[in-house]
Amino acid sequence: MSKPTKYVYEFAEGSRTMAALLGGKGAGLAEMTGLGLPVPPGFTVTTEACKVYLATGQEPPELGVEAAHALAGLERAMGRTLGAPEDPLLVSVRSGARFSMPGMMETILDIGLNDESVTGLAKASGQERAAWDSYRRLVQMFGRTVMGVDGDLFEAAIAAHRARRGAATDHELDTGELVLLTEEFKDIVRKETGEDFPQDPAEQLARAIRAVFDSWNGERARVYRRREHIPDDLGTAVNIQAMVFGNLGDDSGTGVAFTRDPATGERGMYGDYLPDAQGEDVVAGVRDALPLSELKALDPRAYVELGDHLRTLEAHYRDLCDVEFTVERGRLWILQTRVGKRTAEAAFRIAHDLREEGTVTADEALTRVSGAELTRLMFPRFDVKATDQPLAHGVPASPGAAVGAVVFDSAEAVRRAAAGEPTVLVRRETTPDDLPGMIAAQAVLTSRGGKTSHAAVVARGMGKVCVCDAEELTVDPAARRFTTSTGTVVREGDTVSVDGTAGTVHLGALPLTASDVGRALERGTGTGALTEAVLGALAHADSVRRLEVRANADTPEDAVRARALGAQGIGLCRTEHMFLGERRALVEAMILARDDTARAQALAALLPLQRTDFTGILQAMDGLPVTIRLIDPPLHEFLPDRTELAVRLAGATHPDLHDRQLLDAVERMHEQNPMLGLRGVRLGLAVPGLMAMQVRAIAEAVVGRLRAGGQPHAEIMIPLVGTVEELRLARAETERVLAEVAAETGTPLDLPIGTMIELPRAALTAARIAKAADFFSFGTNDLTQTTWGLSRDDAEASFFPLYLEKGIFETSPFETIDQEGVGRLVQFAVTAAREVDPHLETGVCGEHGGDPQSIHFFHRAGLDYVSCSPFRLPAARLEAGRAAIADTTDTSDTR
Ligand code: PEP
Ligand code: MG
């Protein structure tokens, strides 16, 4: 018989390897308990219990007994009883999922307080005010979270008391005021729910656990999970832990500490401390915290001890850790730890430093950074002149530069973002309810809260620009404006620039300059801690990756840039872009040609232009492969719009003959589904002379470059092949022209001729196609369109948002390769082709070639290279390196 499921684990029973069951927080508490750190005792209700609850609407029947048993153990360990009238034990109830979701789910503190035990606590602690403050917090938190009372009602009651007392902060409310406030809170609960605030501690605990389960499916949590690609079915664990108090006077306090600076990665203990404060005050940014360094003067012993614990944790986890801690009357307690979130800048610097310190290997250091982070660092920064006076200074909470229209609430940010307008969300401080607006906005600016406030933590996690605590600003959301200390008024819709690196806000749109990292990447060298860390990580990635990285580039300028950014060639040069602009007239002439002579003339006019294009690109990529794809899109894309032409002709008194002919051609060539029409190889086979002209231009460019002493490596690629017969015919024509040019110039031309695999039929018949191809390049854009039977342009605009919301798509299959469907076709084709030709070169040139998750897949599928837009090259190199490491260690987490 299988063992019955165990739903409750005491901290001492778990470890960090059990994060799936105990959640990240529970696993961390268990691990710290095992390390002998001063963790208040407690127990964890597992994610399995949550899953049962979410599936059935009921807790598993065993949970009650197991929790009661664990609680009894906790009571014994503490020598106190939950909610007892004398010296009560109080507990906190906190969510904790497998992946950190800061602020997204519920926490309830001080469970166990009621009308009687509040007096017991006051007596036992000698802190009457603190006891009542805790009780009123419990009624407030429990009322809002568990009983569903509108939190604003409590806030309004507090504000009224403050106003009556002329108090600026809650801190100034005395015991009498807090007793009255608690009664008012209980009245609010009764009035709003028809139920009294529960006095029974066991009932409080059970309902709090259930509320945490429920919060897994709260709006905030669901939005966050979708954004972070966290599966919906993991459920959350719940941690029940003995309360310790930071609000017992000047020798107490609470704080957050990091083993290094999570914003810059700088070495050294870092954080915030709030004396005489409790629980979530620091994270909520309700009062301004002190820098952690001030604890040194306030309580040197606690400071030193904290430093020791941080070092223990960092050495143990071998990574940046953060902790929440409380000092209760000079005694230090560690309440939580995890591997800390960090900015992109900090990620690179910390990985680099840990490697230099010998804590991690070069391979491990590479797993600690990501392509997405690297891309973020390549973004431009503001070009600030000495004369640019900021509107305000604040805490630089999340680096980068952003320009946008000021908005004062989440809904407005979302509305404007939907209309394509960049915004800056300005709040006094943010709460989890602001999450949709934070996602929609370019930057977040708050007038309160520190580096560990909600705004700062969430923005950093998202890689959003954020400036906090810009206290010179008076934010008035009701009037939709903010005022600076010098009286400047900024209204909703006005443009501001937010510098998250410097912590400044400027009126208007400041000019942007490239980032140091971006510049260093283009040059391949640079100085400064961050630049060195990035270049070091990339150098290691380059040394371990198996995948080559090429660029999609159609012009010599792009090719030069791509080469600087590390391209090992061009994987896709789309030739149709060369038919636009002034050349359109020549393409028109070719299409309208009435006979072979006229067509040959038009093509002859295009030939030297194409030759010049190819020469420039081959020169820029001298010595490296350049895959040139013959023209792909339907020719009518080069003709004017049918309706416009028709209107023009109808309105003309003397209709233009050329326009008339054009309209005839447009009507003749009109297709219902052009993406499935006369395009790709079909075009090359159907339009006489077109393919020959392109091949000749390539061949002549190669000869020209050879004569100039260059090393051109052009490869000719045939698009949209569905059957090997098409490729055979196209290949024969290509070889004929190559032989012709070779004979004319006396230069042997042995250019590889390959094909794109971008139709399911091509993938399925890859073994046959491989016989006629020198290489394969997967066009995963078309392969995705044709496998799913959906048009990217139409679908993305119409039903994609719905599909993402409903969870049908986790991410767009056009961004990240659909491994189960499109990916299987790729894998099948590679395997089949390699059986025919083990050395057949294979790559991918669709958009997926630059997507981190897809790159890991292509590595595993055994492709030789990925090709992507130039700006994505550094990230692609990095991810290709990470993919190679993941392959050997199998521990990568690409999410
Ligand atoms: C593709 O289909 O993936 C591809 C690279 O070609 P295009 O996007 O030009 O159709
Ligand atoms: Mg294509």
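The structure displayed is predicted, hence computed values, not measured ones. (Residues numbered from 1 in each chain as written. Chains lettered and ligands numbered in written order. Predicted model: local features only at pLDDT ≥ 70, side-chain atom pairs only at ≥ 80, totals over all residues. Heavy atoms only, no water.)

A. Fine view of the layout of surface pockets. As a volume, the second largest pocket reaches approximately 530 Å³. Taken together, 24 residues make up the lining of the second largest pocket; nearest its centre are R574, D632, M675, R679 and D782. Taken together, the elements giving at least two residues each to the lining of the second largest pocket come down to β25 (570-574), α31 (780-788) and α32 (792-797). Of the residues in the lining of the second largest pocket, the class split is eight nonpolar, five polar and eleven charged. (1 Å grid on protein atoms, 1.4 Å probe; cavity = no way out; pocket = protein on both sides within 12 Å on 5 of 7 lines; lining within 4 Å. Points joined across faces, edges and corners; volume = space filled by probe spheres on them. Helix = DSSP H or I, 4+ residues; strand = E, 2+ residues; numbered from the N terminus. Nonpolar A, V, L, I, M, F, W, Y, C, P; charged D, E, K, R; others polar.)

B. Geometry of the pairing of strand β5 (residues 236-242). Counting buried residues in β5 gives seven out of seven residues, a clear majority hidden from the surface. The two faces of β5 match: T236, V238, I240 and A242 on one face and A237, N239 and Q241 on the other face are all buried. Here strand β2 (residues 42-45) runs beside β5; their pairing, made up of four bridges, is antiparallel. Considered in β5, the bridge of V45 is made with V238. In this sheet, β5 lies alongside strand β3 (residues 91-97) in antiparallel orientation, the contact comprising seven bridges. For G96, the partnering residue across the bridge sits in β5 and is A237. (Buried < 20%, exposed > 50% of the residue type's maximum accessible area, 1.4 Å probe, protein only. Pairing = 2+ DSSP bridges.)

C. Here's a closer look at the coordination of the magnesium ion (ligand 2). The protein atoms that coordinate the magnesium ion (ligand 2) are E758 (OE) and D782 (OD), at distances spanning 2.0 to 2.1 Å. Here D782 lies in helix α31 and E758 lies in the loop between β28 (753-757) and α29 (760-764), a separation of 24 residues in the sequence. Of the two residues examined, E758 and D782, each falls in the buried class. (Donors = N, O, S within 2.8 Å, 3.2 Å for Na, K, Ca; no water.)

D. The arrangement of the sheet that holds strand β18 (residues 474-476) in detail. Pairing in this open sheet of three strands is antiparallel, and the strands run β18-β19-β20 from one edge to the other. Across the chains shown, the open sheet's two edge strands, defined by having one partner strand only, are β18 and β20 (489-491). Each adjacent strand pair in this sheet contributes to an overall mean axis angle of 15 degrees, direction not counted. Two elements, β18 and strand β19 (residues 481-483), share three bridges in a ladder whose sense is antiparallel. Following the sheet pairing, D476 is matched in β19 by R481. (Axes fitted to C-alpha atoms, helices over the stretch in contact; angles between N-to-C directions.)

E. Summary view of the packing of helix α1 (residues 19-35) against helix α12 (residues 300-317). With their axes 12 Å apart at the nearest point, α1 and α12 run at an angle of 110 degrees to one another. On the basis of their axis angle, the class for α1 and α12 is roughly perpendicular. Relative to α12, α1 is oriented so that their crossing is right-handed. Where α1 approaches α12, its residues G28, E31, M32 and L35 are matched on the opposing element by L313, H316 and Y317. (Parallel < 35°, antiparallel > 145°, perpendicular 65-115°, else oblique. Left-handed = near helix turned anticlockwise from the far one by under 90°. Contact = heavy atoms within 4.5 Å.)

F. Region of the structure containing the sheet that holds strand β15 (residues 423-427). If you walk across this open sheet you meet the eight strands as β12-β22-β21-β14-β15-β16-β17-β13, and the pairing is mixed. Each edge of the open sheet carries a strand with a single partner, namely β12 (392-393) and β13 (395-398). As paired strands, β15 and strand β16 (residues 443-446) are joined by four bridges and run parallel to one another. Across the sheet, the residue bridging to V426 is L445, located in β16.

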